[in-house]
Amino acid sequence: MNLTEPQAGTDLAAIKTRAERDGDRYRIRGQKIYITWGEHQMSENIIHLVLARLPDAPAGVKGISLFLVPKFLVDADGSKIERNDLRVVSVEEKMGIHSSPTCVMSYGDNDGAIGYLVGEEHNGLACMFTMMNNARLGVGLQGVAITERACQHAVAFAKERVQGIARGHTERSTIIHHPDVRRMLMQMRAIAEAGRALAYYASAQTDLAHHASAQADRAAFQRRVDLLIPIVKGWCTEMAQEATYLGVQVHGGMGFVEETGAAQHMRDARILTIYEGTTGIQALDLMGRKMLRDQGQAMAELIEEMKALKASLEGDLGDIGQRFEAGLAALETATRSYLSSVGDDPDLGSAVGVDYMMLAGNVTCAWLMAKAALAAQKHIDAGSSDEFYRHKISVARFFVERILPRGEAQRQMVEAGSASTMAIDADLF
Ligand SMILES: Cc1cc2nc3c(=O)[nH]c(=O)nc-3n(C[C@H](O)[C@H](O)[C@H](O)COP(=O)(O)OP(=O)(O)OC[C@H]3O[C@@H](n4cnc5c(N)ncnc54)[C@H](O)[C@@H]3O)c2cc1C
């Protein structure tokens, strides 16, 4: 996907790459930066999707069109006929994801790169968003994947590294027996399991939005997907920072040296909160397009559905139910507060959006973890002795005891408004 230019990162309205009509094709000229896999030798051809502006395009994002620009032009039977007028200018040196080439691309240094219009002229951003919504889910899942990998890595190390004598041991023990190390490993495991549940839930809702038989159902599932995409992307990638940070911490000094590989997870995870729209941009999407446009309808539907679970969380799972209920109340209060205050506080969505998004992620994850605990309990009640089910309940309990309570602080931050954030003039920083 070729969106970014030096002056047009988050702000795609500033795109300058030009496209001129040439018969039924277009000639593309301009520079794109940070293009993932912009050039490589892993496939026979590379098909770039490039955002560019036609000469008569209206200003802003409404004037952007989408073009398919292959590295090699092909004839009707797919045989390569000539190299297109595009080239890689340089490959970036980065702090992580070193096996993913990030390229500066130049289009049309000579006659103009041949491009083919995708969709309608001037409607390119909407077309690109079809791909970007999937990509945002995918990047959220990258957060889950790196969290899981960092967790497995840290567990293996904690089972080998011998330091101190843990309570109940008579000889020096492996560090996994120390409660503080267990806290870190449980934190990582809970983030991985909750993030996986969230990303899979959103993916299943996407399938339902496409395939449910009734139109009204498809629309309702699509509302849920639209609401969840920034939360999956924002929550799973921000929490991957925490998980990979903890992975280094579990390794002690060995985490800081490259030899163990723990540091690589931290460096690789760092891009996830930046590309496909930064965390701040996911939050703006949630607070604006996903919350204001429908006056909180999609969020209210999710909250109502989540409320219904509480009644089933009883008996052995009653404590999980109580903590979940408190988290859900924080989300409901913060939602009401935001919708009623944003009219008087135009900076509110941007100032508290990330806090609200993380609150929504914490509560939605707690809901899915509690549902998993309930399913596990049913198997246990039916006589299963599979450890997997007991562990599932333990991780759900850890999540609502140790991660979900952040939601209460996040509610307070949302209710505090934007005033203190914006109190100091920009030139006094
Ligand atoms: C390794 C890597 C791979 C990438 N791959 C691709 C690719 O394949 N294709 C592609 O097109 N791009 C790619 N990108 C670009 C990436 O999507 C952008 O870097 C990202 O969207 C942020 O844009 P920017 O870097 O210009 O930051 P800026 O837009 O300058 O943002 C800087 C900071 O300001 C904040 N900010 C900006 N505007 C606002 C606003 N309106 N409200 C609140 N906060 C704001 C941001 O959240 C951020 O914290 C890649 C980048 C990297 C580093």
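This text follows the structure it describes.
To start, this report covers the structure provided alongside it.

The rules behind each value
- Residues numbered from 1 in each chain as written.
- Predicted model: local features only at pLDDT ≥ 70, side-chain atom pairs only at ≥ 80, totals over all residues.
- Heavy atoms only, no water.
- Axes fitted to C-alpha atoms, helices over the stretch in contact; angles between N-to-C directions.
- Helix = DSSP H or I, 4+ residues; strand = E, 2+ residues; numbered from the N terminus.
- Parallel < 35°, antiparallel > 145°, perpendicular 65-115°, else oblique.
- Contact = heavy atoms within 4.5 Å.
- Nonpolar A, V, L, I, M, F, W, Y, C, P; charged D, E, K, R; others polar.
- Pairing = 2+ DSSP bridges.
- Near = heavy atom within 4 Å.
- Polar contact = N/O pair within 3.5 Å; in protein donor to acceptor, adjacent residues only side chain to side chain.
- Areas by Shrake-Rupley, 256 points an atom, 1.4 Å probe, with all protein chains shown as cover.
- Core = buried A, V, L, I, M, F, W, Y, C linked by side-chain atoms within 4.5 Å.
- Buried < 20%, exposed > 50% of the residue type's maximum accessible area, 1.4 Å probe, protein only.
- Disulfide = S-S within 2.5 Å.
- Phe/Tyr/Trp six-rings, centres within 6.5 Å; stacked < 30°, edge-to-face > 60°.
- Arc of directions from axis to C-beta.

## Overview of the packing of helix H3 (residues 215-250) against helix H7 (residues 297-307)
Axis separation between H3 and H7 bottoms out at 9 Å; the angle between their running directions is 90°. Our classification of the angle between H3 and H7 gives roughly perpendicular. Across the interface between the two elements, Arg-223, Arg-224, Leu-227 and Ile-231 of H3 pack against Gln-297, Ala-298, Met-299, Glu-301, Leu-302 and Glu-305 of H7. A class-by-class count of the residues in the contact of H3 with H7 yields 5 nonpolar, 1 polar and 4 charged.

## Here's the deal with the pairing of strand S2 (residues 25-36)
Bridge analysis of strand S1 (residues 18-22) against S2 gives 5 bridges, and the strand direction is antiparallel. Each residue of the ladder has a partner; that of Arg-18, found in S2, is Arg-29. The antiparallel hairpin formed by S1 and S2 contains 2 residues in its connecting segment, where Gly-23 sits at a positive phi of about 65°. Two strands pair when backbone bridges link them, and S2 and strand S9 (residues 113-118) are joined in this way by 3 bridges, in the antiparallel orientation. Of the residues in S9, the one forming a bridge with Arg-27 is Ile-114. Where S2 meets strand S8 (residues 102-107), 5 bridges bridge the pair, whose relative direction is antiparallel. Within S8, the residue paired with Gly-30 across the bridge is Tyr-107.

## Some words on the site of the ligand
Taken together, 19 residues surround the ligand, and among them Met-1, Thr-4, Thr-10, Tyr-34 and Thr-278 come closest. For the ligand, an oxygen atom lies 2.7 Å from a polar atom in the side chain of Thr-278. Considering the ligand on its own, with 970 Å² of exposed area, one finds that the protein chains cover 62% of that surface. Elements with a contribution of two residues or more to the shell around the ligand: S2 and helix H6 (279-287). A total of 3 residues in the shell around the ligand trace back to one element, the largest contributor, which is S2.

## A closer look at the environment of Ile-274
As for its position among the elements, Ile-274 is in the loop between helix H5 (262-269) and H6. Between the C-alpha atoms of Ile-274 and Thr-10, which are 264 residues apart in sequence, the distance is 9.9 Å.

## Focus on the nonpolar core
Counting residues in each nonpolar core, the largest one holds 80 residues, and the members touching the most others are Met-299 and Tyr-356. Elements that contribute at least two residues to this core include exactly helix H1 (124-158), helix H2 (179-211), H3, H6, H7, helix H8 (318-341), helix H9 (348-381) and helix H10 (387-402). Looking at this core, the element that brings in the most residues is H9, giving 17 residues. Beyond its immediate chain neighbours, meaning those up to four positions away, Tyr-356 contacts Leu-286, Met-287, Met-291, Met-299, Leu-331, Ala-334, Thr-335 and Val-414. In this structure, Tyr-26, Ile-35, Val-50 and Tyr-107 belong to the second largest nonpolar core, which totals 15 residues.

## A short note on the state of the cysteines
In total, this model carries 0 disulfides according to the counting rule given. Considering cysteine sulfurs only, Cys-236 is the nearest to Cys-365, which forms no disulfide, with 6.2 Å between them. The exposure class assigned to Cys-365 is buried, which follows from its relative accessible area of 0%.

## Here's the deal with the packing of aromatic side chains
By the definition in use, this model includes 5 aromatic pairs. Aromatic side chains Tyr-338 and Tyr-356 sit 6.4 Å apart centroid to centroid with 35° between the ring planes, which places their arrangement in the tilted category. Remark: Tyr-356 occurs in helix H9 and Tyr-338 occurs in helix H8; sequence separation between them is 18 residues. For the pair shown, Tyr-338 and Tyr-356 are each scored as buried.

## Focus on unusual backbone geometry
Even without being a glycine, Tyr-34 presents a positive backbone phi close to 60°. Look at His-122: it is not a glycine, yet its phi comes out positive at around 65°. Topologically, His-122 is positioned in the loop between S9 and H1.

## Things to note about the side chain of Gln-187
Mapped onto the secondary structure, Gln-187 falls in helix H2. Excluding anything up to four places from it in sequence, Gln-187 contacts Glu-242, Leu-246, Phe-398, Arg-402, Ile-403 and Arg-406.

## Description of helix H11 (residues 406-416)
Among all positions in H11, only Gly-407, Gln-410, Arg-411 and Val-414 are buried. In an axial view of H11, the angular spread of the buried residues amounts to 105°, which keeps them on one side of the axis. Contact partners of the buried residues in H11: H8 and H9. After H11 finishes, the residue Gly-417 shows a positive phi value of roughly 80°.

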